[in-house]
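Each chain, written out:
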Amino acid sequence: MKVFVDAERCQGHARCAVESEELFDLDVDGCAIVLQEIVPPELEEAALRARTACPEQAIVIEP
Amino acid sequence: MTQPETGTSTGRCPIDFDQYAPDFPERSTEIFRELQATCPVGRSERYGGFTLLTRYDDIAEAARDDVTFSSLHDPTSPFRGITIPPHQTRFGFIEMDPPDSVEHRRAVAPLLSPRAVAGMEAGMRELVDDAIDEFIEDGKTDFATEVADRIPAVTTLRVLGLPLDAWRRWVDYFHHKVSDKLESSTSTAYAANNSVIQEMTDHVRDRRENPRDDGLSQMVNTPVRGELVSIEQAVENLSLVLLGGLDTTAALLTNTALYLAENPADRERLRADRSLMTSACEEFLRFFSPVQNLARTVRHATTFKGVPLDGNERVLLSWAAANRDPSQFEDPDTVKLDRFPNRHQAFGLGVHRCAGSHLARAEWRLVFEAMLDRLPDWSIDREQAVPYKQIASDNGWHEMPMTFTPGTRVRSAREEAR
């Protein structure tokens, strides 16, 4: 599984980092920075929850 | 594109909608539910006429489409910014469109970033403890004035480097601006007599001439596209930061305190399991929508959801309605402390999303961690509490008397430990 953030859509709600600080850091405006593009198996559920939590639908997951 | 159906499901229908009506606060949930079902793109003739959006998906789409739905406030044009009716003064970069709004926001965002907020937490915790110390031995206080007004105000003034002892005067000014919006947007006497605008201008000029190590100096001396912004523009941006910092968080705090007083089972659940604090904060944001709505102006004639909208049409985006939309939220009128997902629009969506959201969440968490630790049995007599005259902009409270089992002060213990 791979995770990306669509920078055009992300507006810094910071909801993804709540789901996983291992996968997402936040920049100066709260916008998400992906820390690990290749999601380790133990973080796959957190990545999916982050995608669901995002109000801007900015998180893209590839199997 | 589908054709508008005859009847009620699509098409811009006339509605008798007045967000300033005296009975609106108690009826708003019912009104929004009906409009979502029967007239999601409605036209009210009040306040110069405007189109009202109430569905979650429609509001999300409009909020993200800055090309069609402009936030610009130019008093000489039909583009009258983010409130209906418009304010006499502009509120800085929230009343601009990209790229201007984005450029101006860059001068402010670093002061309110997640990292900046994390650095402020220890100071904020002491601030909350000190505020509670003032009344903890009395067994009673006014939560609105002594906590909900004070913590966000002092925190915001600290961020900017403005004198803290004047916090009550700043709070009164901004509360008035939003709590009786009809008066504050029409009364020239009110605007002209106000010393707070002069005070803001003096602080901005001072930071321009004598920059120092504080947030306001950083704000007013960060170039926007290579140039310093005008003093007038800098004052507008400052008023936006103060409005956002002082008023909206206060409304979130008072409404949460009242809900938890009236729902002790939820309060006990939160007290016992602090891992719920993060999701609970988002749920109170959703449930109360401190900023109830913001407006846009249609740039060019367009068709939205099958409904023709004229150029210059004013459009009201109701975050409060979106946040109770049953198509997005299961059981929308119930507070669920662990709600997931909770893609609420309380901070708005799109490029104008609230820049102070990270600070607001931290303030909420630190206040209620301390409340749950130190006076977990507070009660509030709703009949004695004084809500804002109108909730159309911000659903805050002027007064909220509270009683509780007295406790002990922590400040002396803290100082001894040092």
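Small disclaimer: the values here were computed from a predicted structure and weren't measured. (Residues numbered from 1 in each chain as written. Chains lettered and ligands numbered in written order. Predicted model: local features only at pLDDT ≥ 70, side-chain atom pairs only at ≥ 80, totals over all residues. Heavy atoms only, no water.)

Colleague: Would you mind going over the packing of helix α12 (residues 231–262) of chain B against helix α14 (residues 277–288) of chain B in detail, with residue names and values included?
Modeller: All names here are of chain B. For the pair α12 and α14, the least separation of the axes is 10 Å and the interaxial angle reads 100°. Here α12 lies roughly perpendicular to α14, going by the angle between them. Along its contact with α12, which presents Leu252, Asn255, Thr256, Tyr259 and Leu260, the element α14 presents Phe284, Leu285 and Phe288. Across the contact of α12 with α14, the residue classes tally to 6 nonpolar, 2 polar and no charged. (Axes fitted to C-alpha atoms, helices over the stretch in contact; angles between N-to-C directions. Helix = DSSP H or I, 4+ residues; strand = E, 2+ residues; numbered from the N terminus. Parallel < 35°, antiparallel > 145°, perpendicular 65-115°, else oblique. Contact = heavy atoms within 4.5 Å. Nonpolar A, V, L, I, M, F, W, Y, C, P; charged D, E, K, R; others polar.)

Colleague: How would you summarise the sheet that holds strand β4 (residues 69–70) of chain B if you had to cite specific residues and measurements?
Modeller: Residue and element names in this part refer to chain B. On the basis of which strands lie adjacent, the open sheet formed by 6 strands has the order β1-β2-β3-β9-β6-β4 and mixed pairing. Both edges of this open sheet fall to β1 (13–14) and β4, since each of them pairs with a single strand only. As defined by bridge partners, strand β2 (residues 41–44) adjoins strand β3 (residues 50–53) across 4 bridges and the pair is classed as antiparallel. Paired with Ser44 across the bridge in β3 is Phe50. On the sheet, helix α2 (residues 56–64) packs against β2, β3, β4 and β9 (314–318) and is oriented at approximately 125° with respect to β9. (Pairing = 2+ DSSP bridges.)

Colleague: Residue-level account of the pattern of salt bridges, with values.
Modeller: Residues and elements named next belong to chain B. Under the counting rule described, the total for this entry stands at 39 salt bridges over all chains. Here Glu134 and Arg150 are joined by a salt bridge, their closest N and O atoms 4.0 Å apart. Within this pair, whereas Glu134 is found in helix α4 (residues 114–136), its partner Arg150 is found in helix α6 (residues 150–160), the two being separated by 16 residues in sequence. The exposure class of Glu134 is exposed, given its relative accessible area of 52%. Linked by salt bridges that have partners in common, Asp206, Arg207, Arg212 and Asp214 make up one network. (Salt bridge = Lys/Arg side-chain N within 4 Å of Asp/Glu carboxyl O. Buried < 20%, exposed > 50% of the residue type's maximum accessible area, 1.4 Å probe, protein only.)

Colleague: Give me the environment of Arg55(B): which residues, what numbers.
Modeller: When you line up the elements, Arg55(B) lands in the loop between β3 and α2. A polar contact of 2.9 Å, which involves the side chain of Arg55(B), links it to the backbone oxygen of Gln36(B). (Polar contact = N/O pair within 3.5 Å; in protein donor to acceptor, adjacent residues only side chain to side chain.)

Colleague: How would you summarise the interface of chain A and chain B if you had to cite specific residues and measurements?
Modeller: At the interface, 21 residues of chain A touch 22 residues of chain B. When chain A packs against chain B, the two sides together hide about 1700 Å² of surface, and 49% of this comes from carbon and sulfur. For the interface between chain A and chain B, the tally reads 4 salt bridges. Here Asp25(A) makes a salt bridge to Arg115(B), at a shortest N to O gap of 3.0 Å. Between chain A and chain B we count 13 residue pairs in polar contact (both at pLDDT 80 or more) in total. Elements with a minimum of two residues in the side of chain A that touches chain B: α1 (15–19), β2 (24–26) and α2 (44–53) of chain A. Its residues assigned to classes, the side of chain A that touches chain B shows 7 nonpolar, 6 polar and 8 charged. (Buried area = accessible area lost by both parts, 1.4 Å probe.)

Colleague: Explain α6(B) residue by residue, including any values.
Modeller: All names here are of chain B. For α6, the buried fraction is high: 10 of the 11 residues fall into the buried class. Among all positions of α6, only Arg150, Ile151, Pro152, Ala153, Val154, Thr155, Thr156, Leu157, Val159 and Leu160 are buried. Positive phi shows up at Gly161, right after α6, with a value of about 85°.

Colleague: Before we move on, could you go through unusual backbone geometry and cite the residues and values that matter?
Modeller: Put simply, Ile84(B) and Pro85(B) share a cis peptide bond, and its omega is -5°. You can see Pro85(B) is positioned in the loop between β4 and α3 (100–105). At the junction of Pro98(B) and Pro99(B), the peptide bond is cis and its omega measures out at 5° in the coordinates. Of note, Pro99(B) is situated in the loop between β4 and α3. You will see that Gln57(A), though not glycine, has its phi angle at about 50°, which is positive. Mapped onto the elements of the fold, Gln57(A) is located in the loop between α2 and β4 (59–62). Residue Gln57(A) is classed as exposed on the basis of its relative accessible area of 55%. Phi is positive for Lys305(B), which is not a glycine, with a value near 55°. Position of Lys305(B) among the secondary structure elements: in the loop between β7 (302–304) and β8 (307–309).

Colleague: Which residues make up the sheet that holds strand β10 (residues 379–380) of chain B, and what values do they have?
Modeller: All names here are of chain B. The strand order across the open sheet formed by 3 strands is β5-β13-β10, and the pairing between neighbours is antiparallel. The open sheet terminates on both sides in strands that have one partner only, identified here as β5 (140–142) and β10. The sheet contact formed by β5 and strand β13 (residues 401–403) spans 3 bridges and is antiparallel. Note that in β13 the partner of Asp142 across the bridge is Pro401.

Colleague: If you had to explain the environment of Ala153(B) to someone new, which residues and values would you point to?
Modeller: Residue and element names in this part refer to chain B. Tracing the backbone shows Ala153 in helix α6. Given a relative accessible area of 0%, Ala153 falls into the buried group. The spatial distance from the C-alpha of Ala153 to the C-alpha of Ala280 is 23 Å, given a sequence separation of 127 residues. Not counting the four nearest positions on each side in its chain, Ala153 is found in contact with Trp167, Val171 and Leu246.

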